[in-house]
Amino acid sequence: MAAPLRIQSDWAQTTLLLCYVGKPTLYGSLTCQGIGQDGIPEVTASEGFIVNEINKKSIHISCPKENASSKFLAPYTTFSRIHSKSITCLDISSGGGLGVSSSTDGSMKIWQASNGELRRVLEGHVFDVNCCRFFPSGLVVLSGGMDAQLKIWSAEDASCVVTFKGHKGGILDTAIVDRGRNVVSGSRDGTARLWDCGRSACLGVIADCGSTINGVAVGAADNSINLGSPEHTPSEREVGTESKMLLLAREDKKLQCLGLQSRQPVFLFVGSDAFNCCTFLSGFLLLAGTQDGNIYQLDVRSPRAPVQVIHRSGAPVLSLLSFRDGFIASQGDGSCFIVQQDLDYLIELTGADCDPVFKVATWEKQIYTCCRDGLVRRYQLSDL
């Protein structure tokens, strides 16, 4: 991947812009000459940089010498009233109507995705809520907290309908299996557990790795992948675990993959630093991000060497999300970018000025991010 092209975070509100790329750093400036009749700024670039395209919310800049090209997107709207402090997690419902988010202000809230208007406050966790997500129905929320509890909530009346207890440390991430009769949690206690939502019971410890599990992901395995066979007959309460892989991003620099139903190891990969997050791109391709800024792309069929390692900065990779034929990544330096196979440029989501972007969620062409600055930003993608 070419050296990242950078631009100041408030580019849409200013007349003189600095952009830079590469090592040694090549600096350039963009100057706004005025606003055209169509309301779009007329911008010229200094030597070495080209403005390919511009409209009210985006600017596409290239630096041919460094073979770098990025389209910078300003937020379509910003929601500042949902939380008063850093927002650590968010998700958007399957229908796109609702958002859920958790914050270091101790709260978890459901809000209208179109305007950020508060709908429900979900109260019941002790201490901070680390992760929250909607079930596929969009009517129910799953959350995990520092209180080592996993909870299921009604998005309609904010009632807590199920509480799972069993972990001995804070829950850092969750995954939902198929339609959600089973869910998976990863914890500071070093275990990943499978839960039966209908009976609010633990179906088993899938992995006990002796190291904090920062991220979990569940994916359907390609037919060519041998997931092994379970040693014991699976419980009839396990629904949809067959032919699924479980991926664990671990604090001890290891990325672990196993069969969800079989509990058998598929691979163990050692990275450059603690793994923070992971996601599946397909039945055999996956991504995992580390504390020192590496994004590893691995093929489950031959996981010894990565397909590629993407490194844009030394800032921690905080979230990874499969998106269309590529992915969205966010980092601890405020950068959030979209990689698509069929585009020869990156799409950069701007606005967070060096504040970590903790999580990204999408619905159709809308992308939502949450940040340490306490803001939810909504971006509108035109046709890619």
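Quick caveat: nothing in here was measured; it's all calculated off a predicted structure. (Residues numbered from 1 in each chain as written. Predicted model: local features only at pLDDT ≥ 70, side-chain atom pairs only at ≥ 80, totals over all residues. Heavy atoms only, no water.)

**A short note on the overall build of the chain**
How we decide: For the purposes of this entry, the term helix denotes a DSSP run of H or I that reaches at least four residues, the term strand denotes a run of E that reaches at least two, and both are numbered from the N terminus. A 1.4 Å probe rolled over the protein chains alone gives each residue an accessible area, and that area as a share of the maximum for its type sets the label: buried under 20%, exposed over 50%, partly exposed in between. For this analysis, residues touch if any pair of their heavy atoms sits within 4.5 Å.
Regarding its fold elements, the chain presents zero helices and 35 strands. C-alpha extents for the chain along the principal axes are approximately 70 × 45 × 30 Å. Looking at the chain residue by residue over its 384 residues, the buried ones come to 54%. Nonlocal contacts in the chain, meaning residues at least 24 apart in sequence, comprise 44% of its contacts between residues at least 6 apart.

**A word on the pairing of strand β23 (residues 254-259)**
Our working rule: We treat two strands as partners when DSSP finds at least two bridges between them.
Within β23, five of the six residues are buried, which leaves it mostly tucked inside the rest of the structure. Bridging between strand β22 (residues 244-250) and β23 involves five bridges; their strand directions are antiparallel. Counterpart to methionine 245 in the pairing with β23 is glycine 259. Looking at chain direction, β23 and strand β24 (residues 265-270) are connected through five bridges and run antiparallel.

**A closer look at the packing of aromatic side chains**
We apply this condition: Geometry of aromatic contacts follows a simple scheme: Phe, Tyr and Trp rings, the Trp one being its six-membered ring, pair when their centres are within 6.5 Å, and the pair is stacked under 30 degrees between planes, edge-to-face over 60, tilted otherwise.
Applying the stated criterion across every chain, the model contains six aromatic pairs. Between phenylalanine 275 and tyrosine 296 the ring centres are 5.7 Å apart and the planes differ by 55 degrees, which places this aromatic pair in the tilted class. Here tyrosine 296 lies in strand β27 (residues 294-299) and phenylalanine 275 lies in strand β25 (residues 275-280), a separation of 21 residues in the sequence. Accessibility classification places phenylalanine 275 together with tyrosine 296 in one group, the buried group.

**Brief notes about the pattern of salt bridges**
Quick note on the threshold: Here, a salt bridge means any Lys or Arg side-chain nitrogen found within 4 Å of an Asp or Glu carboxyl oxygen.
In this structure the tally under the stated criterion is ten salt bridges. For the salt bridge of aspartate 333 with arginine 6, the shortest nitrogen-to-oxygen distance reads 3.9 Å. In this pair, aspartate 333 is assigned in the loop between β30 (326-331) and β31 (336-340) and arginine 6 in strand β1 (residues 5-7), connecting sequence segments 327 residues apart. Residue aspartate 333 is classed as partly exposed on the basis of its relative accessible area, which comes to 25%. Close ionic contact of arginine 237 with aspartate 196 constitutes a salt bridge, the shortest N to O distance being 2.6 Å.

**Here we look at the UniProt feature "repeat: WD" (unreviewed entry) in the chain**
Operational definition: UniProt positions are given in the numbering used here, feature names are shortened, and annotations may be inferred rather than shown by experiment.
Following the UniProt record, one finds the feature "repeat: WD" (unreviewed entry) at residues 80-121, 122-163 and 164-196. For residues 80-121, the helix share is 0%, the strand share is 50%, and the end-to-end C-alpha distance is 16 Å. What you have in residues 122-163 is 0% helix and 50% strand, and the ends, taken at the C-alpha atoms, are 13 Å apart.

**Quick notes on the sheet that holds β23**
What counts, and what does not: For helices, the fitted axis covers only the stretch in contact; all axes are lines through C-alpha atoms, and the angles between them, taken along N-to-C directions, range from 0 to 180 degrees.
What the four strands build is an open sheet, ordered β21-β22-β23-β24; its pairing is antiparallel. Each edge of the open sheet is held by one strand with a lone partner, namely β21 (213-220) and β24. Taken over all neighbouring pairs, the strand axes of this sheet differ in orientation by 15 degrees on average, direction set aside. Sheet topology places β21 next to β22; seven bridges connect them, and they run antiparallel. Within the sheet, the bridge partner assigned to valine 218 lies in β22 and is leucine 246.

**A word on the side chain of serine 70**
Position of serine 70 among the secondary structure elements: in strand β7 (residues 68-73). Filtering out sequence-adjacent residues up to four positions away, serine 70 remains in contact with Leu5, Ile59, His60, Ile61, Tyr345, Leu346 and Glu348.

**Looking at unusual backbone geometry**
A negative phi angle is the norm for most residues apart from glycine, just as the trans form is the norm for most peptide bonds. Backbone geometry at alanine 148 places phi at a positive 65 degrees, although glycine is not the residue there. Structurally, alanine 148 is set in the loop between β14 (140-145) and β15 (150-154). In this structure, glutamate 364 is a non-glycine residue whose phi angle is positive, near 50 degrees. Within the secondary structure, glutamate 364 is located in the loop between β33 (357-363) and β34 (366-371).

**Structural notes on the environment of glycine 215**
The residue glycine 215 is located in strand β21 in this model. Sequence-wise, glycine 215 and threonine 174 are 41 residues apart; in three dimensions their C-alpha atoms are separated by 7.6 Å. Sequence-distant contacts of glycine 215, defined by excluding residues within four places in its chain, comprise Asp173, Leu247, Leu248, Ala249, Asn276 and Cys278.

**Some details on the nonpolar core**
Using the following cut-off: By nonpolar core is meant a set of buried Ala, Val, Leu, Ile, Met, Phe, Trp, Tyr and Cys residues that side-chain atoms within 4.5 Å join together.
Judged by nonpolar contacts, the single largest core of 25 residues is most densely connected at Val100, Leu122, Phe164 and Val183. The set of elements that each furnish at least two residues to this core consists of β10 (98-103), β11 (108-112), β13 (129-134), β14, β15, β16 (160-164) and β17 (171-177). The dominant element in this core, judged by the number of residues it contributes, is β13, at four residues. Membership of the second largest hydrophobic core comes to 19 residues, among which are Ala217, Ala249, Phe269 and Phe275.

**Thoughts on the environment of asparagine 182**
Applicable threshold: N or O atoms closer than or at 3.5 Å make up a polar contact, with two conditions inside protein: a donor-capable atom paired with an acceptor-capable one, and, for residues adjacent in sequence, both atoms drawn from side chains.
Looking at the element boundaries, asparagine 182 is found in strand β18 (residues 182-187). On the basis of relative accessible area, asparagine 182 is assigned to the buried category, the value being 0%. Along the backbone, asparagine 182 and alanine 201 are 19 residues apart, and their C-alpha atoms lie at a distance of 9.9 Å. Among all residues touching asparagine 182, those that are not within four sequence positions of it are Ile176, Val177, Leu194, Trp195, Asp196, Cys197, Leu203, Arg237, Glu238, Val239 and Thr241. Within the structure, the side chain of asparagine 182 is placed 3.1 Å from the backbone oxygen of arginine 237, a separation counted as a polar contact.

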